[in-house]
2 protein chains.
Amino acid sequence: MLSDRALAALREVVPGDRVLTAREDLLTYAADATPLMGRPPSAVVVPRDAEEVSEVVRLANEEGFAIVPRGAGTGLSGGAVPASEDAVVLLFHGWNEIAEIDLGNHMAWVEPGVITADLHRAVEDHDLFYPPDPGSMRVCTIGGNVAENAGGLRGLKYGVTKDYVQGLEVVLPTGEFVRMGGKAVKDAAGYDLKDLMVGSEGTLGIFTRVLVRLVARPASTRTILATFRTLGAAGEAVAAILAARIVPSMLELLDRTTILAVERYARLGLPQDLAALLLIETDGHPVVASDEARAVSRLCKAHGAREVRHAATAREAEDLRTARRAAFSALARIGPTTILEDATVPRSAVPAMLERIHEIAARHGVVFGIFGHAGDGNLHPTCVLDAREPDEVARAEAAFEEVFAAAIALGGTITGEHGVGLAKRRFLELQVGDPALRFMREVKRVMDPNQVLNPGKVFAPRPRCEHPPIGHPRLAGATA
Amino acid sequence: MLSDRALAALREVVPGDRVLTAREDLLTYAADATPLMGRPPSAVVVPRDAEEVSEVVRLANEEGFAIVPRGAGTGLSGGAVPASEDAVVLLFHGWNEIAEIDLGNHMAWVEPGVITADLHRAVEDHDLFYPPDPGSMRVCTIGGNVAENAGGLRGLKYGVTKDYVQGLEVVLPTGEFVRMGGKAVKDAAGYDLKDLMVGSEGTLGIFTRVLVRLVARPASTRTILATFRTLGAAGEAVAAILAARIVPSMLELLDRTTILAVERYARLGLPQDLAALLLIETDGHPVVASDEARAVSRLCKAHGAREVRHAATAREAEDLRTARRAAFSALARIGPTTILEDATVPRSAVPAMLERIHEIAARHGVVFGIFGHAGDGNLHPTCVLDAREPDEVARAEAAFEEVFAAAIALGGTITGEHGVGLAKRRFLELQVGDPALRFMREVKRVMDPNQVLNPGKVFAPRPRCEHPPIGHPRLAGATA
């Protein structure tokens, strides 16, 4: 618990009822979108500017409490939930100003609480484009995207959040304020601290402003839906498209379980006997987008596609995209609890990984829907279960453990775009090995000697938060 | 000096005459392409495999000598030259195997001594493309490119080396061997050590293998030469092209001094009264490349271009590119010493920076040629002087100091693509500020507690190498 002295000091630094301690406020910020993770914080603080953030961080060092920065709380690895009972949540979702759109340099300075889709719309008005589009883009925030190095559906062609972070204003774990990067697009001066900050999950610094790089808005887009009778055929079509040196702006796969759930939810009129579906987009110059769309269509048919449908209108394309984006919500409706993961493999290993996941799910008797970004190997095996059944949770846990091991064995990673957070810290060493993990811990120790920023995330917890947070590792607790 | 014991131990670890100590060998590796920097090493070691590299590094920790990894020695910041008398140069230019071109994943594993242009050719045979193209690409090595985060002419559209490093095999300063990254294109697991390694200038690890990402080879290229009577008009044409959301694959600027030098060297038949020249390439789908080339041509004319010439043949295009790539060599012929820098600014600040450089050069009475990557703000102000004249060197130094300050004041950086090395370590704090510099130093200290890897680079030197290397900071010494 936070001491009375620390709480009083907090109220002094952040005045005017912006330190919340009512039970309902604490419960609100006990969880994010990750099931079975988290616990209520001691207080929730709504800072007004970087100066206040800095003072709160200094206070945390003096009084010895933990700080958990939080945007919209849509994270899927437990990165934004408290892991210790002294934790203070620092809320940024109100920091939603797009401070500058620099048309000369094709960049924008934004506050961390700006919603990703709002940034999309704002820059598209200027014929510019901010490509990262996480599944939760209509609610998630840029600050959270940077903290987790969020990806999205356009990753294959356009990369992930890190590829678009050009500069950061950061409050370090010491409370010091630092600007990193800037509007010069090439910069080889010293170690790249900015790139170390991106994906650091709130453990190395708190972002108070983000400079994002923008690109020219693609002049046109073609959207294609291809359906397959076997998952293997869909996988072969993906390989053939990439082998033809076509890089679609979207190349999404849905398996049978996910298709059924999406159909029940979105009523696209899909046949019920499909084994797999690919949602593909090409974009750019109208000639390129349509040339590539034709080639994609031909390759899908050549690999046994049952139907290849081209969206005739922008509205139809948007409906297809929306259905894909609804996959998680649709799966969430078929059981009380949904655990969505993002084990990722080299794209050539996607067919092998799909087989492995199905085999693992069958052996453990759990229901897995699989969807995800087939083009970049970033799959989302999603387990639907009832968290009130401890046995079911245990089987799901065992299955995921094997899924992570399989991804690593295939040359992949335990997380492509969600981060490690609380959910996967047990598996990090398995992937990166001892010297690399030690190096990461040393960086954390040197930067944050008092372990005030988001302790317990990414790495095994410091002693004072070793009592596990609620439900960790998902063996009991709340339901999503 | 290296102790006899250390030398004997080195010969044991690296047997078979692969430890060189003859005076001519030591002199050969005293300098790189940076004028007035460096000193002879104590020994030159030619390791055969990662195991030997690891053993040499462990020995350096035990015996307390410094290691300077070196590729082709084409660096322009003194990164590959000894900074202390105990230094041992570790030579990688013989490690030139392209171990794998993975057509399924569009990636290649290469040894650090592979020459950049050799990699270009090898992957183009498979219709793939490795975009980074530093000016020295016909001689420089991938290992050095990764160490300095090298850029090149295609940076505006395609980014820099970091954007293509997908994985690394590294010997850490402790001698431990680590793999970072891999073939999964999305990876959010833990801190991004790989991105910290890229651009670390040989101070955090020695790369023994590099996994690079490849992209689809552009189907066509258009090359355009536009000449201008004023530098200002050329700057406006650049701004207009970018404002039209056209991203050329090359957008190079040469000023009058550089044009005259290049003309004398390459005989392109350029008029002698030009103030500026733009060399522009568009690439991609034939329709896109030619649409964009037409638009570029129109915009250049609208902004006062005197002549716009489209290369009619691939040979003519190659001649133009070769002339641009020869700018450094051409300038080097007009005086005995050439100091080439890469102060970089946001691209909107290019016109202001060009004016500042000319004003600074005039005031200090030094000859500056300016050329560089106008599209991404990465300029190469190049001073031609006679290093045997101490007064001339001092004026050049004073002018460069102002150039760096001007770049920082315009929101830019002291180095866009050459690194800090020895040449710019005095200026790093001016750019990044105290907390960031302290953080970088702490990372170095934690990773390399005995300061064995390339000490004295990036940061002010450790005590035992504080006696300045030959000529530092360019106040006397050898001539390029």
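This text follows the structure it describes.
All values derive from a computational prediction rather than experimental measurement.

The rules behind each value
- Residues numbered from 1 in each chain as written.
- Chains lettered and ligands numbered in written order.
- Predicted model: local features only at pLDDT ≥ 70, side-chain atom pairs only at ≥ 80, totals over all residues.
- Heavy atoms only, no water.
- Helix = DSSP H or I, 4+ residues; strand = E, 2+ residues; numbered from the N terminus.
- Rg over C-alpha atoms; globule rule 2.2 N^0.38 Å.
- Buried < 20%, exposed > 50% of the residue type's maximum accessible area, 1.4 Å probe, protein only.
- Contact = heavy atoms within 4.5 Å.
- Areas by Shrake-Rupley, 256 points an atom, 1.4 Å probe, with all protein chains shown as cover.
- Lys, Arg positive; Asp, Glu negative; His and termini not counted.
- Charge placed at Lys NZ, Arg CZ, Asp CG, Glu CD.
- Salt bridge = Lys/Arg side-chain N within 4 Å of Asp/Glu carboxyl O.
- Axes fitted to C-alpha atoms, helices over the stretch in contact; angles between N-to-C directions.
- Parallel < 35°, antiparallel > 145°, perpendicular 65-115°, else oblique.
- Left-handed = near helix turned anticlockwise from the far one by under 90°.
- Polar contact = N/O pair within 3.5 Å; in protein donor to acceptor, adjacent residues only side chain to side chain.
- Least-squares fit on C-alpha atoms with pLDDT ≥ 70 in both.
- Nonpolar A, V, L, I, M, F, W, Y, C, P; charged D, E, K, R; others polar.
- Pairing = 2+ DSSP bridges.
- Buried area = accessible area lost by both parts, 1.4 Å probe.
- Phe/Tyr/Trp six-rings, centres within 6.5 Å; stacked < 30°, edge-to-face > 60°.
- Lys NZ or Arg CZ within 6 Å of the ring centre and 35° of its normal.

Focus on the overall build of chain A
Okay, so step 1: The secondary structure content of chain A amounts to 16 helices and 18 strands.
Okay, so step 2: A compact globule built from 480 residues should have a C-alpha radius of gyration of about 23 Å, and chain A, at 22 Å, falls within 12% of that.
Okay, so step 3: In terms of overall dimensions, chain A has a C-alpha envelope of 70 × 60 × 40 Å along the principal axes.
Okay, so step 4: Out of the 480 residues in chain A, the part that is buried amounts to 63%.
Okay, so step 5: Looking at chain A alone, contacts between residues at least 24 apart form 72% of all its contacts between residues at least 6 apart.
Okay, so step 6: For chain A, the computed accessible surface area is about 16,500 Å², with 51% contributed by carbon and sulfur atoms.
Okay, so step 7: Counting 52 positive and 62 negative side-chain charges, chain A places the centres of these two groups 4 Å from one another.

Things to note about the pattern of salt bridges
Okay, so step 1: What the rule picks out here adds up to 74 salt bridges over all chains.
Okay, so step 2: Between Arg 426 of chain A and Glu 401 of chain A there is a salt bridge whose closest N-O contact spans 3.8 Å. Of this pair, Arg 426 of chain A sits in the loop between α14 (390-409) and α15 (428-432) while Glu 401 of chain A sits in helix α14, and the two are 25 residues apart along the sequence.
Okay, so step 3: Arg 426 of chain A sits in the partly exposed class, given a relative accessible area of 41%.
Okay, so step 4: In this structure, Asp 386 of chain B and Arg 388 of chain B form a salt bridge, with 2.9 Å as the shortest nitrogen-oxygen distance.
Okay, so step 5: Overlapping salt bridges bring together Arg 138, Glu 281, Glu 318 and Arg 321 of chain A as one network.

Some thoughts on the packing of helix α1 (residues 4-13) of chain A against helix α3 (residues 50-63) of chain A
Residue and element names in this part refer to chain A.
Okay, so step 1: α3 packs onto α1 with a crossing angle of 165° between their chain directions and a minimal axis gap of 10 Å. On the basis of their axis angle, the class for α1 and α3 is roughly antiparallel. Classified by chirality, the crossing of α3 by α1 is right-handed. Here Arg 5, Ala 6, Ala 9, Leu 10 and Val 13 of α1 lie close against α3, whose contacting residues are Glu 52, Glu 55, Val 56, Leu 59 and Glu 63.

What about the side chain of Asp 342 of chain A?
Residues and elements named next belong to chain A.
Okay, so step 1: Structurally, Asp 342 can be placed in the loop between β16 (337-340) and α13 (350-364).
Okay, so step 2: There is a polar contact of 2.9 Å between the side chain of Asp 342 and the side chain of Lys 424.
Okay, so step 3: Setting aside residues up to four positions removed in sequence, Asp 342 forms contacts with Asn 378, Leu 379, His 380, Ile 414, Thr 415, Gly 416, Glu 417, His 418 and Lys 424.

Regarding the relation of the copies chain A and chain B
Okay, so step 1: Here chain A sits on chain B after a turn of 180° about the axis and a move of 0.0 Å along it, with an RMSD of 0.0 Å. Both chain copies can therefore be described as sitting about a two-fold axis.
Okay, so step 2: Most of the interface of chain A is mirrored in chain B, where 100% of its interface residues again form contacts.

What to know about unusual backbone geometry
All names here are of chain A.
Okay, so step 1: Backbone geometry places Asp 17, a non-glycine residue, at a positive phi of 60°.
Okay, so step 2: Mapping Asp 17 onto the fold places it in the loop between α1 and β1 (19-20).
Okay, so step 3: A positive phi angle, close to 60°, is found at Glu 201, a residue other than glycine.
Okay, so step 4: Looking at where Glu 201 falls in the secondary structure, it is placed in the loop between α7 (193-197) and β10 (206-213).
Okay, so step 5: According to the relative accessible area criterion, Glu 201 is buried, its value standing at 1%.

Quick notes on the packing of helix α16 (residues 434-447) of chain A against helix α16 (residues 434-447) of chain B
Okay, so step 1: Where α16 of chain A contacts α16 of chain B, the axes come no closer than 10 Å and their chain directions differ by 140°. By the angle between their axes, α16 of chain A is oblique relative to α16 of chain B. The interaxial crossing formed by α16 of chain A with α16 of chain B has right-handed handedness. Contacts from Phe 439, Glu 442, Arg 445, Val 446 and Met 447 of chain A of α16 of chain A reach α16 of chain B at Phe 439, Glu 442, Arg 445, Val 446 and Met 447 of chain B.
Okay, so step 2: Considering only residue class, the contact of α16 of chain A with α16 of chain B consists of six nonpolar, no polar and four charged.

Here's the deal with the sheet that holds strand β17 (residues 367-373) of chain A
All names here are of chain A.
Okay, so step 1: Strands sit in the order β15-β12-β14-β13-β17-β18-β16 across an open sheet of seven strands; the sheet is antiparallel. Both edges of this open sheet fall to β15 (307-310) and β16, since each of them pairs with a single strand only. Averaged over all adjacent pairs, the angle separating strand axes in this sheet is 15°, with direction ignored.
Okay, so step 2: Relative to strand β14 (residues 276-284), strand β12 (residues 220-228) runs antiparallel, the two being bridged by nine bridges. Directly across from Leu 225, in β14, lies its bridge partner Leu 279.

Observations regarding the interface of chain A and chain B
Okay, so step 1: Taken together, the contacts link 78 residues of chain A with 78 residues of chain B.
Okay, so step 2: Taken over both partners, the interface formed by chain A and chain B buries close to 5,800 Å², and the fraction arising from carbon and sulfur atoms is 62%.
Okay, so step 3: Contact with chain B buries surface across chain A, with Lys 186, Tyr 191 and Arg 245 of chain A losing the most and accounting together for 18% of the total.
Okay, so step 4: Remark: the boundary between chain A and chain B carries 10 salt bridges.
Okay, so step 5: Among the ionic pairs, Lys 186 of chain A bridges to Asp 376 of chain B, the shortest N-O distance being 3.2 Å.
Okay, so step 6: On inspection of chain A and its partner chain B, the count reaches 42 residue pairs in polar contact (both at pLDDT 80 or more).
Okay, so step 7: At the level of elements, β9 (177-181), α7, α10 (286-302), α15 and α16 of chain A are the ones that each hand at least two residues to the side of chain A that touches chain B.

Observations concerning the environment of Arg 229 of chain A
Residue and element names in this part refer to chain A.
Okay, so step 1: Inspection of the secondary structure puts Arg 229 in the loop between β12 and α8 (231-243).
Okay, so step 2: A relative accessible area of 54% means that Arg 229 is categorised as exposed.
Okay, so step 3: Placed 78 residues apart in sequence, Arg 229 and Glu 307 show a C-alpha to C-alpha distance of 9.9 Å.
Okay, so step 4: Dropping the residues within four chain positions of it, Arg 229 is found in contact with Ala 275 and Arg 306.

Side note on the packing of aromatic side chains
Centre-to-centre distance and the angle between the planes together describe a pair of aromatic rings.
Okay, so step 1: One pass over the full model with this rule turns up 14 aromatic pairs over all chains.
Okay, so step 2: Considering the side-chain rings of Phe 404 of chain B and Phe 427 of chain B, the 4.8 Å spacing of their centres and the 50° angle between planes classify their relative orientation as tilted. Of the two residues, Phe 404 of chain B is situated in helix α14 (residues 390-409) and Phe 427 of chain B in the loop between α14 and α15 (428-432); the sequence distance between them amounts to 23 residues. This pair shows no difference in class: Phe 404 of chain B is buried, exactly as Phe 427 of chain B is.
Okay, so step 3: Three or more aromatic residues joined by ring pairs form one cluster here, namely Phe 368, Phe 400, Phe 404 and Phe 427 of chain A.
Okay, so step 4: Lying over the aromatic face of Trp 109 of chain A, Arg 209 of chain A brings its terminal NZ or CZ to 4.3 Å of the ring centre.

Digging into the environment of Val 160 of chain A
Okay, so step 1: With respect to the helices and strands, the residue Val 160 of chain A is situated in the loop between α6 (155-158) and β8 (165-171).
Okay, so step 2: A relative accessible area of 12% places Val 160 of chain A in the buried class.
Okay, so step 3: Sequence spacing of Val 160 of chain A and Ala 22 of chain A is 138 residues, and the spatial spacing of their C-alpha atoms is 38 Å.
Okay, so step 4: Residues contacting Val 160 of chain A, with those up to four places away along its chain left out, are Pro 132, Asn 149, Ala 150 and Gly 151 of chain A together with Lys 186 of chain B.

Digging into the sheet that holds strand β6 (residues 107-110) of chain A
Residues and elements named next belong to chain A.
Okay, so step 1: With respect to topology, five strands assemble into an open sheet ordered β5-β6-β10-β8-β9, the strand pairing being antiparallel. Bordering the open sheet on either side are β5 (98-102) and β9, each of which pairs with just one other strand. Neighbour to neighbour, the strand axes of the sheet diverge by 10° on average, direction disregarded.
Okay, so step 2: When β8 meets β9, the two strands line up antiparallel, connected through five bridges. The residue of β9 that forms the bridge with Glu 169 is Arg 179.
Okay, so step 3: Relative to the sheet, helix α4 (residues 116-124) contacts β5, β6 and β10, its axis offset from that of β5 by approximately 40°.

Geometric descriptors of this kind do not, in isolation, establish any biological role.
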